[in-house]
Amino acid sequence: SCRCFFSPGAVSIGCSGSIFGLFGAQVAFILGMWKNMGDLQKKMLTMSLGISACFICIFSFSVGVDMSAHLGGFLCGIVIGLGYFSHLWGEAHWWSQHGKVIAYGTLATTTLIALIYFWHNPELGYKGD
């Protein structure tokens, strides 16, 4: 996650980054379905996302909350969600043609960054006996 870049010496625990990833995937789904929704659905989803964003902003700036995990989870959730839901854009759309490659590339890159980070950090990963 973004934690590797913003605070490389710190370790955080919890699942909030993955919860934010699910929130980002929900945003990607809504973006893909936007043209097919009625006005009432659009209003309800916009209001729901707005209320969720307000609560996220209020509680995410508390002491001890890992904002970089939240940001990284949300951004990766959007990109991977856009790739997963790329079929919603129609075959002629650019994202429909390239979205899965970008999503899998993002997933592979974040996994590789995490592995390299833990492998080269003697306090967290490989001790180098």
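Computed from a predicted model, the values in this text were never measured in an experiment.

### Concerning a nonpolar patch on the surface
On the surface, Leu 40, Met 44, Met 47, Ile 51, Phe 55, Ile 58 and Phe 59 cluster together into a nonpolar patch covering about 780 Å² of accessible area. Its place among the elements puts Phe 55 in helix α3 (residues 39-60). A relative accessible area of 48% means that Phe 55 is categorised as partly exposed.

### As for the nonpolar core
Of all hydrophobic cores here, the largest spans 11 residues; its members are Phe 23, Val 27, Ala 28, Ile 30, Met 37, Leu 49, Ile 78, Leu 82, Phe 85, Trp 89 and Trp 95. Listed by contribution, the elements that provide at least two residues to this core are α2 (16-33) and α4 (67-84). With four residues, the single largest contributor to this core is α2. Excluding residues within four positions of it along the chain, Trp 95 makes contact with Val 79, Leu 82, Gly 83, Ser 86, Trp 89 and Ile 102.

### Remarks on helix α5 (residues 94-120)
Over its 27 residues, α5 extends 38 Å from the first C-alpha to the last, a length consistent with the 39 Å expected when each residue adds 1.5 Å. In α5, a bend of some 30° at Lys 100 exceeds every other bend along the element. Turning to α5, its buried residues number three or more, namely Trp 95, Ser 96, Gly 99, Ala 103, Thr 106 and Tyr 117.

Conventions adopted
Residues numbered from 1 in each chain as written. Predicted model: local features only at pLDDT ≥ 70, side-chain atom pairs only at ≥ 80, totals over all residues. Heavy atoms only, no water. Patch = residues over 30% accessible without salt bridge, like charges linked within 9 Å, V, L, I, M, F, W, Y side chains within 5 Å. Areas by Shrake-Rupley, 256 points an atom, 1.4 Å probe, with all protein chains shown as cover. Salt bridge = Lys/Arg side-chain N within 4 Å of Asp/Glu carboxyl O. Helix = DSSP H or I, 4+ residues; strand = E, 2+ residues; numbered from the N terminus. Buried < 20%, exposed > 50% of the residue type's maximum accessible area, 1.4 Å probe, protein only. Core = buried A, V, L, I, M, F, W, Y, C linked by side-chain atoms within 4.5 Å. Contact = heavy atoms within 4.5 Å. Expected span 1.5 Å × (residues − 1). Bend = angle between axes of the 7 residues up to and from the residue.

Purely spatial values, then, with no claim about function.
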